[in-house]
Amino acid sequence: MEYKISKTLTKDSKLSSVDFNNIPFGKVFADHIFIADYDGKEWNNFEISPLSRIPLHPATMAWHYGQAIFEGMKASITDNGIPLLFRAMDHANRFNASATRMCMPEIPVDLFVESIKQLVNIDKNWIPTQEESALYLRPVMMAVDEFVGVRSSDTFKFMVMTLPSGPYYNKPIGLLVEEHFVRAADGGVGEAKAAGNYGASLYPTKLAKEKGYDQVMWMDAKEFKYVQEVGTMNIFFVLDNVVLTPNLSGTILRGITRDSIITLLKEKGYTVEERPVSMEEIAKAHANGKLLEVFGAGTAAVIANVDRIGYKNVDLKLDIDKAVLSKELKRDINGIRKGRIPDTHNWIMPVYEEELALL
Ligand SMILES: *Cc1c(COP(=O)(O)O)cnc(C)c1O
């Protein structure tokens, strides 16, 4: 379907004020935003405009009851200047899965993709060309009925803002196995990118940071035995003959980076086991010298190496010099995203159809 998107462009671009070699993550926004409104029946008012504050009533439902979801995806630019989206359809579909779980309206996949294409095209000069850098895209949907009382909102806002971003973690991270607080239980909303999941993670993460770790490693909510994931990343364990990652059980986020990594590993001939992974098994592999690498996988960082896991008052230490597979995977994914490595999976999408021919 054709969507008519009205456009008002800024006369006051902030582009020249940004040092692209040193971009603090999450704080620097490109010039424009896409906004659409859901009126209870359908999506309308498609608009790209200069990013600005939006006035909202104090009883805006999202703030009170957490009916809000988001996505995180990336646009890159090839060496000859073609903007590319990475796995845009997969992000659109996951956004809609989150929407359904949170009783929110789906957004047509073609509208989701088209709005992002047009937005990225307008702000293409904001896509960093530096290595491991990209334009981070943040679609978000929130409940905007002005109402006090718990029910689903009828009206919603969908917005996409974009942020130039550099390398996310420049150091390996330390994880603390969490044996008291939980992120997600069976039947909960762990699989949705729902705002409340992140609010709930802050306090345990603060306690972990006070103990000197960077992130919490979440465990299953029944026995605290099986690993779920970390922060905003899925987790992988490389043993000497196999790669382990927790299966999609409904309590972990269905990571698109996770899926990309599993696909690439299988193509490289590795055995990947998606199954419940117990911390006991990981500690045993570590004790036997079989645990070679541990890494988190998510859009923002792509891959974050882990050099320490705090488990039952002991630190399982990992030698980052041995983390060769994760470095290779990161190079592959970044290479595909920038159009330097042939995309054999249909993961990249040029912002314009005509640009396909130039790839
Ligand atoms: C977004 C997210 C991930 C990673 O998903 P990607 O699609 O790879 O970006 C993993 N875990 C959580 C909790 C997340 O929010």
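Within the structure, the ligand sits among 15 residues, and Lys193, Tyr198, Glu229, Thr257 and Thr299 are positioned closest to it. Measuring from an oxygen atom of the ligand, one finds a side-chain N or O atom of Thr299 at 2.6 Å. Out of a free accessible area of 380 Å², the ligand has 97% covered by protein chains. In terms of residue class, the shell around the ligand is made up of 4 nonpolar, 7 polar and 4 charged.

This part takes up helix H3 (residues 109–122). The terminal C-alpha atoms of H3 lie 20 Å apart, and with 14 residues this matches the ideal 20 Å at 1.5 Å per residue to within 8%. Most of H3 sits out of view: 10 of its 14 residues are buried. Those residues of H3 lying buried are Leu111, Phe112, Val113, Ser115, Ile116, Lys117, Gln118, Leu119, Val120 and Asn121.

Positionally, Lys74 belongs in strand E5 (residues 73–77). We note that Lys74 is buried and unpaired, the nearest opposite charge coming from Glu132 at a distance of 8.1 Å. Residue contacts for Lys74: discarding those within four places in its chain leaves Leu84, Leu85, Phe86, Ala134, Leu135, Tyr136, Leu137, Ser165, Thr299, Ala300, Val302 and Arg337.

Let us look at the packing of aromatic side chains. Enumeration over the complete set of coordinates arrives at 16 aromatic pairs. Judged by centre distance (5.0 Å) and plane angle (65°), the ring pair of Phe70 and Tyr198 falls under edge-to-face. Taken as a pair, Phe70 in strand E4 (residues 68–70) and Tyr198 in helix H4 (residues 195–210) lie far apart in primary sequence, 128 residues in all. For Phe70, a relative accessible area of 13% puts it in the buried group. Measuring from centroid to centroid gives 5.2 Å for Phe236 and Phe295, while their planes differ by 10°, and the two rings are stacked. Of the two residues, Phe236 sits in strand E12 (residues 234–239) while Phe295 sits in strand E15 (residues 291–298), which places them 59 residues apart along the sequence. Of the aromatic side chains, those joined through ring pairs into one cluster are Tyr3, Phe34, Tyr38, Trp43, Phe46, Phe95, Phe112, Phe156 and Phe158. The ring of Phe147 carries Arg151 above its face, with NZ or CZ at 3.9 Å from the centroid. The ring of Tyr213 has Arg308 lying over it, and the distance from NZ or CZ to the ring centre is 4.4 Å.

How each quantity is defined
- Numbering of residues begins from 1 in every chain and follows the order in which that chain's sequence is written.
- This being a predicted model, a pLDDT of at least 70 is required before a residue's local features are given, and a value of 80 or more before pairs of side-chain atoms are given or counted; all residues contribute to the totals for chains, interfaces and linings.
- For the side-chain quantities, the full set of heavy atoms in the structure was used; hydrogens and water were omitted.
- Whether a residue is near a molecule or strand depends on its heavy atoms: if one lies within 4 Å, it is near.
- Residues adjacent in sequence count toward polar contacts only when both atoms are side-chain atoms; beyond that, a polar contact is any pair of N or O atoms within 3.5 Å, and within protein one must be able to donate a hydrogen and the other to accept it.
- Each accessible area value is a Shrake-Rupley result obtained with a 1.4 Å probe; residue values ignore everything except the protein chains displayed when judging cover.
- Residues are grouped as follows: Ala, Val, Leu, Ile, Met, Phe, Trp, Tyr, Cys and Pro are nonpolar; Asp, Glu, Lys and Arg are charged; every other residue, Gly included, is polar.
- Segments assigned H or I by DSSP are reported as helices when at least four residues long, segments assigned E as strands when at least two residues long, and all are numbered from the N terminus.
- An expected span of 1.5 Å times one less than the residue number is assigned to each helix.
- Each residue is placed in one exposure class: buried if its accessible area under a 1.4 Å probe, protein chains only, is under 20% of its type's maximum, exposed if it is over 50%, and partly exposed if it falls in between.
- The positive count covers Lys and Arg only, the negative count covers Asp and Glu only, and His and the chain ends enter neither.
- Within this document, salt bridges are pairs made up of a side-chain nitrogen of Lys or Arg and a carboxyl oxygen of Asp or Glu, the two lying within 4 Å of each other.
- Between two residues, a contact is recorded if the distance between any of their heavy atoms is within 4.5 Å.
- Two aromatic rings, drawn from Phe, Tyr or Trp (for Trp, its six-membered ring), form a pair once their centres lie within 6.5 Å of each other, and the interplanar angle then sorts them: stacked below 30 degrees, edge-to-face above 60, tilted otherwise.
- Whether a charge sits over a ring comes down to the Lys NZ or Arg CZ being within 6 Å of the ring centre and within 35 degrees of the ring normal.

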